[in-house]
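As a plain string of letters, each chain reads:
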There are 2 protein chains.
Amino acid sequence: MSERQTSDPTAALRLLWGEHPEPRRGPRRGLDLGRIVAAAVELADEEGERGLSMRGVASRLGIGTASLYTYVPSRTELTALMLDAIVAEAPLPEDLPGTWRERIEAWARRDWAMFRARPWALRLTERPLLGPNLLAWYESALRALSENGLSPVENASVIESVDAYVQGVARLTADQEENRAGGDEPWDARHRAYIARRVDFSAYPLWAEAAVGDALGGPADHFESGLRMLLDGVEADVRRRSERRD
Amino acid sequence: MSERQTSDPTAALRLLWGEHPEPRRGPRRGLDLGRIVAAAVELADEEGERGLSMRGVASRLGIGTASLYTYVPSRTELTALMLDAIVAEAPLPEDLPGTWRERIEAWARRDWAMFRARPWALRLTERPLLGPNLLAWYESALRALSENGLSPVENASVIESVDAYVQGVARLTADQEENRAGGDEPWDARHRAYIARRVDFSAYPLWAEAAVGDALGGPADHFESGLRMLLDGVEADVRRRSERRD
DNA sequence: TAGAAACATCGAACAGCGTTCGGAGTACTT
DNA sequence: AAGTACTCCGAACGCTGTTCGATGTTTCTA
């Protein structure tokens, strides 16, 4: 471990924004950043966050581990590049027809889909390094909301709430799903079995009732219902503010 | 690294629920689980999640690292015990007077305060091992909502949405704050400086507008406004369902 | 009471991690 | 042709969680 305590984001930002000072001497580089980031994403897709390592990325590229560090100052920068890369993969719902609510819903669902497809990305968001694609992603959310009458500053707050909700649900379901996966007798089944055997249900009557019939709707339904509630609240807020302005 | 792939939660659950088979032979134990968990929590409070290590906990207790493993099968179980322990520290808002909405708000704020005080706890929630305190915490949320007319199954969905939101915002602000901290010239300032120098603001007009006046309200205000919107939506949902039932 | 069994403790080691160092080779500049 | 700046990378450092085996301690059994 001991990921270096990078107190300077400049190196990462330079890579994100494509500042590569062409070297004047020495042999040609065998690779470029794009290939490296692509390999890292592939590795994370296959092995998950646990399997993502500098050694793994290097060996997948057929180079020595130390060579990676001639392209990227540290793991922090690599993960930032990975995040900015996968954010760019799906098209942004910028100019969709419809209401601002439909557009921000599409924006939220896009993120939800990304985190569902790549749960490992949830662990890569710790250092919010603003790359060009992340910035475009953010701008697209502001544009989606732009006709609701709120100021960009107010809408930034809305976006952060929606983002927090999306990432929160994505994390909860990812953790849950990881526990359901696994060998012949899965983790989750054993967990339930122990609880059922050991816990006095009458001490937790409401939980007992909720736990019995928990088979209604998968994570997708759940995500949608929470998103609907959150955006209902946003809509009410928008109405309230516009009335106050009249 | 390489936290063991515990495919069996039984050991952790046994510890959480207080099943300690008294040993019949051998020397007395020098410590008990409570002391160990308390030391681990102290260490995490002081050093953060990065500084939490089995070696660190052991040396804080004045024992060898290997001895820790006679009390706890692995790090996974220790973190589960830590989470269950800190969840129990603040009183649950079970029988507060007021509406269901006021009660669930208090419940959400309690969590928010916990994650603000102990950001490291956000990284310990990966394996949702149900201990007695976590179960009581969940039951208290169901009880808070119990008078809203929804079934426990429906309310479980509401709770998960609120929980996801709380953890999501807590994580975003924790990450943000960690970046603002640090030496003389903080990370965040350098980040802004680079972006301001390098990025063409006219390509991201709304973001530019939002980024200028971002000094209105700290994370607490932001948390409250999002929570209010989410619960406005829940309230609307409750009304809708109760109308449908009439 | 002696011996065996079961336990606690822990130094040392293992495998894996991110990262750094120093040397070898390569291509461009002067 | 010499020098320089670069790429590449095996080996190592310090860290992590975890395991092994030896040693000591207590208690139960014969």
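What you see is a predicted model, and the numbers here were worked out from it, not measured in a lab.

**What about the overall build of chain A?**
Then comes step 1: Looking only at helices and strands, one finds eleven helices and zero strands in chain A.
Then comes step 2: From first element to last, N terminus to C terminus, chain A shows the α and β order α-α-α-α-α-α-α-α-α-α-α.
Then comes step 3: Its C-alpha atoms give chain A principal-axis dimensions of about 70 × 60 × 30 Å.
Then comes step 4: Each of the 246 residues in chain A was classed as buried or not, and the buried ones make up 48%.

**Topic: the protein's contact with DNA strand C**
Then comes step 1: DNA strand C sits among 31 residues. The nearest are A:Arg25, A:Arg55, A:Arg75, B:Gly30 and B:Ser67.
Then comes step 2: Of all DNA strand C atoms lying within 4 Å of any protein atom, the proportion belonging to sugar or phosphate reaches 61%.
Then comes step 3: Between A:Arg55 and DNA strand C, the recorded distance is 2.6 Å, taken from a side-chain N or O atom to a base nitrogen.
Then comes step 4: A distance of 3.2 Å is found between a sugar or linking oxygen of DNA strand C and a side-chain nitrogen or oxygen belonging to B:Arg25.
Then comes step 5: Elements with a minimum of two residues in the surface near DNA strand C: helix H3 (54–61) and helix H4 (65–71) of chain A together with helix H4 (65–68) of chain B.
Then comes step 6: Tallying contributions element by element places H4(A) first for the surface near DNA strand C, with three residues.
Then comes step 7: Residue classes in the surface near DNA strand C are distributed as eleven nonpolar, nine polar and eleven charged.

**Structural notes on the relation of the copies chain A and chain B**
The two chain copies are connected by a rotation around an axis plus a translation along it.
Then comes step 1: Expressed as a screw transformation, the operator carrying chain A onto chain B has a rotation angle of 180° and an axial translation of 0.0 Å, and the superposed copies differ by an RMSD of 0.0 Å. In symmetry terms, the pair is related by a two-fold rotation axis.
Then comes step 2: Comparing interface residues between copies, 100% of those in chain A also sit at the interface in chain B, which points to an isologous, same-surface contact.

**So, the nonpolar core**
Then comes step 1: Formed by 151 residues in total, the largest nonpolar core has its most connected members in A:Met82 and B:Met82.
Then comes step 2: Residues within four places of A:Met82 in sequence aside, it is in contact with A:Val37, A:Ala40, A:Val41, A:Ala44, A:Leu52, A:Trp120 and A:Leu124.

**What to know about the interface of chain A and chain B**
Then comes step 1: With 72 residues of chain A at the interface, the matching set in chain B holds 72 residues.
Then comes step 2: Taken over both partners, the interface formed by chain A and chain B buries close to 6,800 Å², and the fraction arising from carbon and sulfur atoms is 62%.
Then comes step 3: Interface area lost by chain A to chain B is led by A:Trp187, A:Tyr194 and A:Met229, which between them contribute 10%.
Then comes step 4: Connecting chain A to chain B are ten salt bridges.
Then comes step 5: The residue B:Arg240 makes a salt bridge to A:Asp232 at a minimum N-O spacing of 3.0 Å.
Then comes step 6: The tally of links from chain A across to chain B stands at 24 residue pairs in polar contact (both at pLDDT 80 or more).
Then comes step 7: Elements represented by at least two residues in the side of chain A that touches chain B include exactly helix H1 (10–16), helix H7 (132–145), helix H8 (152–180), helix H9 (187–198), helix H10 (205–212) and helix H11 (219–245) of chain A.
Then comes step 8: If you tally residues by element for the side of chain A that touches chain B, the top one is H8(A), at 19 residues.
Then comes step 9: By residue class, the composition of the side of chain A that touches chain B is 33 nonpolar, 18 polar and 21 charged.

**Some words on the pattern of salt bridges**
Then comes step 1: On inspection of all chains with the given rule, the structure shows 42 salt bridges over all chains.
Then comes step 2: Across the pair A:Arg101 and A:Asp232 runs a salt bridge whose closest N-O atoms are separated by 2.7 Å. With A:Arg101 in helix H6 (residues 100–117) and A:Asp232 in helix H11, this pair connects stretches of sequence that are 131 residues apart.
Then comes step 3: A:Arg101 sits in the buried class, given a relative accessible area of 11%.
Then comes step 4: Assessed through its relative accessible area of 16%, A:Asp232 is described here as buried.
Then comes step 5: Of the charged contacts in the structure, one is a salt bridge between B:Asp8 and A:Arg190, with a shortest N-O distance of 3.0 Å. With B:Asp8 in the segment before helix H1 (10–16) and A:Arg190 in helix H9, the pair connects residues from two separate chains.

**A closer look at the confidence of the model for chain A**
Close inspection of predicted coordinates is inappropriate for parts of the model with low pLDDT.
Then comes step 1: When pLDDT is averaged along chain A, the result is 91; 94% of the residues meet or exceed 70.
Then comes step 2: H10(A) is the least confidently modelled element of chain A, averaging 90 in pLDDT, while H3(A) averages 98, the highest of any element.

Cut-offs used in this document
Position numbers for residues count from 1 along each chain, tracking the sequence in the order it is written. Labels follow written order: the first chain is A, the first ligand is 1, and so on. Reporting of local features is limited, given that this is a predicted model, to residues whose pLDDT is at least 70; pairs of side-chain atoms are given and counted only at 80 or more, and all residues count toward the totals for whole chains, interfaces and linings. Water and hydrogen atoms play no part in the side-chain values, which are based on all heavy atoms of the structure. A helix here means a DSSP run of H or I that spans at least four residues, while a strand means a run of E at least two residues long, and both kinds are numbered starting from the N terminus. Only protein chains enter the accessibility calculation, which uses a 1.4 Å probe; a residue whose area is less than 20% of its type maximum is buried, one above 50% is exposed, and one in between is partly exposed. Only heavy atoms are used to decide nearness, and a residue is near a molecule or strand if one of them lies within 4 Å of it. Whenever a nitrogen or oxygen atom comes within 3.5 Å of another N or O atom, the pair is scored as a polar contact, on the condition that within protein one atom can donate a hydrogen and the other can accept it, and that pairs from neighbouring residues in sequence are kept only if both atoms are in side chains. All amino acids are sorted into three groups, where Ala, Val, Leu, Ile, Met, Phe, Trp, Tyr, Cys and Pro are nonpolar, Asp, Glu, Lys and Arg are charged, and the leftover types, Gly among them, are polar. A residue counts toward the fit only if its pLDDT is at least 70 in both copies, and the copies are then superposed by least squares on the C-alpha atoms of those residues. The contact criterion used throughout is that any non-hydrogen atoms of two residues lie within 4.5 Å. What is meant by a nonpolar core is a set of buried Ala, Val, Leu, Ile, Met, Phe, Trp, Tyr and Cys residues, joined one to another through side-chain atoms within 4.5 Å. Here's the idea: put two parts together, see how much 1.4 Å probe accessible area each one loses, and the total over both is what we call buried area. What counts as a salt bridge is simple: a side-chain nitrogen of Lys or Arg found within 4 Å of a carboxyl oxygen of Asp or Glu. Residue-level confidence of the predictor is summarised by pLDDT, bounded by 0 at the bottom and 100 at the top.

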